[in-house]
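Descriptive structure summary
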Amino acid sequence: MTATSVNTTATGTARNETAGTVSTMTMATTRMFEIRTTRYGEMETVHVSEDTVLAFPEGVPGFERHLRFALIEDGKLAPFCWLQSLHDPLVGFLVIDPGLLMANYELDVSDPDAELLGLDDPSSARVLSILVVPENIRAMTASLQAPLIVNQRKRIAKQVILTDERFPLRHPVFGNDGTVEQSLGRRRSC
Amino acid sequence: MLVLSRRPGQSILIGKDIEVVVLGSDGVQARVGIRAPREVTVLRRELLKQVEEENRRASSGAIGVSVASLGAALGQIGGASRAGLPCVPLRSWRTAPTPPPDS
């Protein structure tokens with residue numbers, strides 16, 4: 001697959017961050033990153049603007065050393081997004097807004113988490129769920145119990161673990177009969 | 001590891017402000033209550049392990065996802081062209097009271 005320019009509007013000083021290798025090239029205003037990813041199954045290089053980069057100060061459970069990810073919103077993938085580790089092209093997650101999968105999905109943010117995320121305003125938060133995609137894609141599940149909370153303004157994120165039993169760790173994205181969950185695809189505005 | 005024997009109703013203090021109370025035991029399960037400041041995260045260890053494992057499965061599984069198969073899934077979801085994603089409401093900023101340990 002050829003390199004995909006994800007954000008063509010932003011230009012600037014680019015850094016080629018290929019799992020450790022850094023090179024620079026000069027462009028116009030905003031910084032662009034060149035990162036390597038294996039999304040879609042093949043190694044490719046994508047260009048993302050710096051404002052797609054999220055800091056995960058604690059890493060992600062199972063990937064504690066991965067402190068920076070790029071949240072790639074590719075129209076081809078919508079409503080899915082791709083969360084790519086900047087530390088390893090082989091580490092990435094397909095993510096989705098859990099509000100698409102379950103009505104009334106809501107959560108509390110603990111004080112220490114709010115502090116870590118620098119959250120002082122609910123409107124700057126965004127919630128995402130990591131998807132597990134098995135070979136049979138229709139058996140895809142979403143980790144509703146362990147959402148990612150993102151401070152969109154400060155670009156800081158953390159995966160939290162909920163104790164609310166309504167939200168399972170393996171929530172089927174598609175219904176048992178192969179149909180899509182009723183709530184999926186329902187439009188809701190921010 | 002420090003090992004202590006406690007009777008139901010007795011407790012253990014960890015530092016100044018964390019208290020672990022033994023509520024009872026039926027020989028199979030022990031029930032404990034925990035009093036801790038809000039900034040202390042209390043989790044069942046196996047839950048964290050499960051999340052770690054789920055994340056590893058998510059990362060390795062996602063690598064094999066092809067555009068075509070995702071496209072098929074997207075077709076079913078019917079949201080491929082939606083602009084912007086909805087937001088999940090955050091109920092509050094404040095910590096909910098420390099959940100009681102389940103029995």
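Residues numbered from 1 in each chain as written. Chains lettered and ligands numbered in written order. Predicted model: local features only at pLDDT ≥ 70, side-chain atom pairs only at ≥ 80, totals over all residues. Heavy atoms only, no water.

Per the secondary structure count, chain A includes one helix and 15 strands. In chain A, which comprises 190 residues, the proportion classed as buried is 56%. Here the analysis covers contacts within chain A between residues at least 6 apart in sequence; of these, 49% occur between residues at least 24 apart. As displayed, chain A has an accessible area near 8,100 Å², and 49% of this comes from carbon and sulfur atoms. (Helix = DSSP H or I, 4+ residues; strand = E, 2+ residues; numbered from the N terminus. Buried < 20%, exposed > 50% of the residue type's maximum accessible area, 1.4 Å probe, protein only. Contact = heavy atoms within 4.5 Å. Areas by Shrake-Rupley, 256 points an atom, 1.4 Å probe, with all protein chains shown as cover.)

Turning our attention to the pattern of salt bridges. All names here are of chain A. Tallying each qualifying case throughout the model produces ten salt bridges over all chains. Taking the shortest distance from any N to any O, the salt bridge between Arg126 and Glu73 comes out at 3.0 Å. With Arg126 in strand E11 (residues 125-132) and Glu73 in the loop between strand E7 (68-72) and strand E8 (80-85), this pair connects stretches of sequence that are 53 residues apart. Under the relative-accessibility criterion, Arg126 is labelled buried at 9%. With a closest N to O distance of 2.8 Å, Arg166 and Asp164 form a salt bridge. The exposure class of Arg166 is partly exposed, given its relative accessible area of 43%. With a relative accessible area of 22%, Asp164 lands in the partly exposed category. Residues joined by salt bridges that share partners form a network here, namely Glu58, Asp113 and Lys158. (Salt bridge = Lys/Arg side-chain N within 4 Å of Asp/Glu carboxyl O.)

Attention now moves to the environment of Gly59(A). Residue and element names in this part refer to chain A. Among the structural elements, Gly59 can be located in the loop between strand E6 (53-55) and E7. By relative accessible area, Gly59 is classed as buried at 5%. Along the chain, Gly59 and Ser85 lie 26 residues apart, while their C-alpha atoms are 9.9 Å from each other. Not counting residues up to four positions away in its chain, the partners in contact with Gly59 are Glu64, His66 and Leu67.

Turning next to the pairing of E8(A). Residues and elements named next belong to chain A. For E8, a buried count of six out of six residues is recorded, marking the element as mostly surrounded by other parts of the structure. Side chains Phe80, Trp82 and Gln84 project from E8 onto one buried face, and the interleaved Cys81, Leu83 and Ser85 project onto a second face that is buried too. Relative to E8, E7 runs antiparallel, the two sharing four bridges. Within E8, the position partnered with Phe69 by the bridge is Ser85. Examined bridge by bridge, E8 and strand E9 (residues 92-96) share five bridges and lie antiparallel to one another. Bridge assignment links Leu83 to a residue of E9, and that residue is Phe93. A loop of six residues connects E8 with E9, the two strands running antiparallel in sequence. (Pairing = 2+ DSSP bridges.)

What follows concerns the confidence of the model for chain B. Residue and element names in this part refer to chain B. Across chain B, the average pLDDT comes to 75, with 59% of residues at or above 70. When mean pLDDT is taken per element in chain B, strand E1 (residues 11-14) scores highest with 95 and strand E4 (residues 90-92) scores lowest with 48. Of the regions scoring below 50 in pLDDT, residues 78-87 engages in 27 contacts with residues more than four places distant in sequence or in other chains. Every residue in residues 91-100 scores below 50 in pLDDT, and together they form 27 contacts with partners more than four places removed in sequence or on other chains. Confidence metrics for the complex model read pTM 0.72 and ipTM 0.75. (pLDDT = per-residue confidence, 0-100.)

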